[in-house]
Every structure is written in structure tokens, then in C-alpha cells.
Amino acid sequence: QVQLVESGGGLVQAGGSLRLSCAASGRTFSTHDTGWFRQTLGNEREFVAAIGARGDSTYYVQSVKGRFTISRDHAKNLVYLEMNSLKPEDTAVYYCAVRDADSQLYTASYMYNYWGQGTQVTVSS
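In this report, the structure presented in the accompanying data block is examined. Fair warning: this is a prediction, and the values are worked out from it, not measured in the lab.

Within the chain, the regular secondary structure consists of 1 helix and 11 strands. Seen in sequence order, the chain has helices and strands lined up from the N terminus as β-β-β-α-β-β-β-β-β-β-β-β. In terms of overall size, the chain behaves like a compact globule, its C-alpha atoms giving a radius of gyration of 13 Å where 125 residues would be expected to give roughly 14 Å. Oriented by its inertia axes, the alpha-carbon framework of the chain measures out at about 40 × 30 × 25 Å. Relative to its full complement of 125 residues, the chain shows a buried share of 44%. Looking at the chain alone, contacts between residues at least 24 apart form 58% of all its contacts between residues at least 6 apart. Per element, the accessible surface of the chain, about 6400 Å² overall, is 46% carbon and sulfur. Side-chain charges in the chain split into 11 positive and 11 negative, and the spacing between the mean points of these groups amounts to 4 Å.

Shown next, in the form of C-alpha cells:
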């Protein structure tokens, strides 16, 4: 059973930055692709970014391209989501999720097998 724990959320003013971290049990990230998703009350979980198990491929939803960066720290066994130039519409609960490594990255939430509990990001205007 894979366990994921997100951290780093909080309250920030528009234009500010936050870095989210996702920690996993074992060497999960070496054998799994990782995705970040976000969800607001009453809405579907939305794909934000993904990184491949080897760390050499990434994919972003258009709305965050150029502002968010997903990365891995092999030594610390963490996946990060660096978020810059934050906007009020980025406010959401952010989740990390993993799935078995594949030749392509997936944006559909149902393709991911394990999920963290989420961390709240609130961007004030």
C-alpha cells in the first residue's frame, strides 16, 4: 500500500509563491508517475501537472504553464509543485497521486491509484 502525504499549503496573496511537497512511503516515485491535482468545493478534481517516474518528462495544464513547476528530489524522495505568480483562481485543495509508471503521462484522475489527503492553498486578491 502506497501512502502519500502532501504539505506546504497555506494562505498567500495574489502574485505570491508556494511550494507543495509530496512524500511517499518507500521508493514509490522511482517506479510511479506522479500527478498533482486540485479540487474546489462542488467541482471535479482537476489535473494540474505530472512527472514521469524517471523524472525526465513533465506535463502541465495550460492554465499553469509558465507559473508552476513539478520536480522530484531523488535523495529526499519528494515530489514538489513550485507555484509562482499565484492567482485567486488557483485556490483549491491540492492532491498528489501516483500510478504505475507508463510510457505516457495521464491527466485523468481515475488513472491514478493512490492519493494523498490534500493540502489547502488559498490565494487572496
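On to the sheet that holds strand β3 (residues 18–24). Read from one edge to the other, the open sheet built from 4 strands follows the order β1-β3-β8-β7, with strand pairing classed as antiparallel. If you trace the sheet from one side to the other, it starts and ends with β1 (4–7) and β7 (68–73), each paired once. Direction aside, the axes of adjacent strands within the sheet are offset by 20 degrees on average. Sheet topology note: the β7/strand β8 (residues 78–83) ladder contains 6 bridges and is antiparallel. Within β8, the residue paired with Ser 71 across the bridge is Tyr 80.

A few words on the pattern of salt bridges. As enumerated under the stated definition, the model contains 5 salt bridges in all. The shortest N-O distance in the salt bridge between Arg 38 and Asp 90 comes to 2.9 Å. With Arg 38 in strand β4 (residues 32–39) and Asp 90 in the loop between β8 and β9 (92–100), this residue pair connects regions lying 52 residues apart in the sequence. Here the two residues Arg 38 and Asp 90 agree in accessibility, since each one is buried. Taken together, the salt bridges that share partners define one network made up of Arg 38, Glu 46, Arg 67 and Asp 90.

With that settled, consider the side chain of Asp 33. Mapped onto the fold, Asp 33 is located in strand β4. Here Asp 33 is buried and forms no salt bridge, its nearest opposite-charge partner Arg 99 lying at an N-O distance of 4.2 Å. The contact partners of Asp 33, leaving out residues within four places of it in the chain, are Ile 51, Gly 52, Ala 53, Ala 97, Val 98, Arg 99, Asp 100, Ala 101, Asp 102, Gln 104, Leu 105 and Tyr 112.

On to the state of the cysteines. Per the counting criterion, the structure on display carries 1 disulfide. Here Cys 22 connects covalently by a disulfide to Cys 96, the sulfurs 2.0 Å from one another. Residues Cys 22 and Cys 96 are joined by a disulfide whose S-S torsion is about 60 degrees; by sign, that bridge is right-handed. Residue Cys 22 is located in strand β3, and its partner Cys 96 is located in strand β9; the two are separated by 74 residues in the primary sequence.

Rules used throughout
Residues numbered from 1 in each chain as written. Predicted model: local features only at pLDDT ≥ 70, side-chain atom pairs only at ≥ 80, totals over all residues. Heavy atoms only, no water. Helix = DSSP H or I, 4+ residues; strand = E, 2+ residues; numbered from the N terminus. Rg over C-alpha atoms; globule rule 2.2 N^0.38 Å. Buried < 20%, exposed > 50% of the residue type's maximum accessible area, 1.4 Å probe, protein only. Contact = heavy atoms within 4.5 Å. Areas by Shrake-Rupley, 256 points an atom, 1.4 Å probe, with all protein chains shown as cover. Lys, Arg positive; Asp, Glu negative; His and termini not counted. Charge placed at Lys NZ, Arg CZ, Asp CG, Glu CD. Pairing = 2+ DSSP bridges. Axes fitted to C-alpha atoms, helices over the stretch in contact; angles between N-to-C directions. Salt bridge = Lys/Arg side-chain N within 4 Å of Asp/Glu carboxyl O. Disulfide = S-S within 2.5 Å.

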